[in-house]
Amino acid sequence: MEILLIIVSAIFVNNIVLAQFLGICPFLGVSNKLSTATGMSAAVCFVITLATLVTYLINKYLLVPLSLTFLQTIAFILVIAALVQMVEIVLKKVSPSLYQALGIFLPLITTNCAVLGVAINVVTKEFTFGLEAHMLGLGEAVLYAFATSLGYGLAMVLFAGLREHLSMNDVPKAFRGVPIALITAGILAMAFMGFSGIA
């Protein structure tokens, strides 16, 4: 039951973009086309999951035992930047086609605050299941990170689809571009608020 609560909470209730407002820059900037939004979502999903796994282990086995938890943010930023660079190098050698598909989006992920936000949430936030609150274990942390990145992808793809549909409609001149995008994002965030009573 806890696993289901983690998944539903991360994807719908506490959506990283629409409820926590992390990762807004790529959400607004890369969501003009469905294809680019899908590519960015896949890249973010991979990097968030991998970065959370590595930062969780670094925090638990290095920062906490040495009483260096005050360095969490700096250490996590460095780890995320290094991971993105390593992923880029490995993809370039192992799978050039996948590198071509995601290559544009990988450098953007380094500055995506959603990746850092998930890593910090996992190691600092207590999650409540039923009446008791506890910190997530490694498996739960990776599951939470993956579900959060799926929620990010869902929001990106839905928003990109709505923006593509809006581009074919006759929007008043004053609302074209960014204004209608922000209005649409607000309505989408209100739609996701409907899930708040579930978990």
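Residues numbered from 1 in each chain as written. Predicted model: local features only at pLDDT ≥ 70, side-chain atom pairs only at ≥ 80, totals over all residues. Heavy atoms only, no water.

## Some details on the packing of helix α3 (residues 34–63) against helix α7 (residues 113–124)
No. 1: In the contact formed by α3 and α7, the axes pass within 9 Å of each other and the chain directions differ by 40°. Relative to α7, the element α3 is oriented oblique. Seen along the crossing, α3 lies across α7 with a hand that is right-handed. Residues Val47, Ile48, Ala51, Thr52, Thr55, Tyr56 and Asn59 of α3 touch α7, and the partners they reach there are Ala114, Val115, Val118, Ala119, Val122 and Val123.
No. 2: Residue composition of the contact of α3 with α7, by class: 10 nonpolar, 3 polar and no charged. (Axes fitted to C-alpha atoms, helices over the stretch in contact; angles between N-to-C directions. Helix = DSSP H or I, 4+ residues; strand = E, 2+ residues; numbered from the N terminus. Parallel < 35°, antiparallel > 145°, perpendicular 65-115°, else oblique. Left-handed = near helix turned anticlockwise from the far one by under 90°. Contact = heavy atoms within 4.5 Å. Nonpolar A, V, L, I, M, F, W, Y, C, P; charged D, E, K, R; others polar.)

## Here's the deal with helix α9 (residues 178–193)
No. 1: For α9, built from 16 residues, the straight-helix expectation of 22 Å at 1.5 Å per residue is met to within 8% by its first-to-last C-alpha distance of 22 Å.
No. 2: Among the residues of α9, Ile180, Ala181, Thr184, Ala185, Leu188, Ala189 and Phe192 are the ones counted as buried.
No. 3: Lining the buried residues of α9 we find α1 (2–13), α2 (24–29) and α8 (138–167). (Expected span 1.5 Å × (residues − 1). Buried < 20%, exposed > 50% of the residue type's maximum accessible area, 1.4 Å probe, protein only.)

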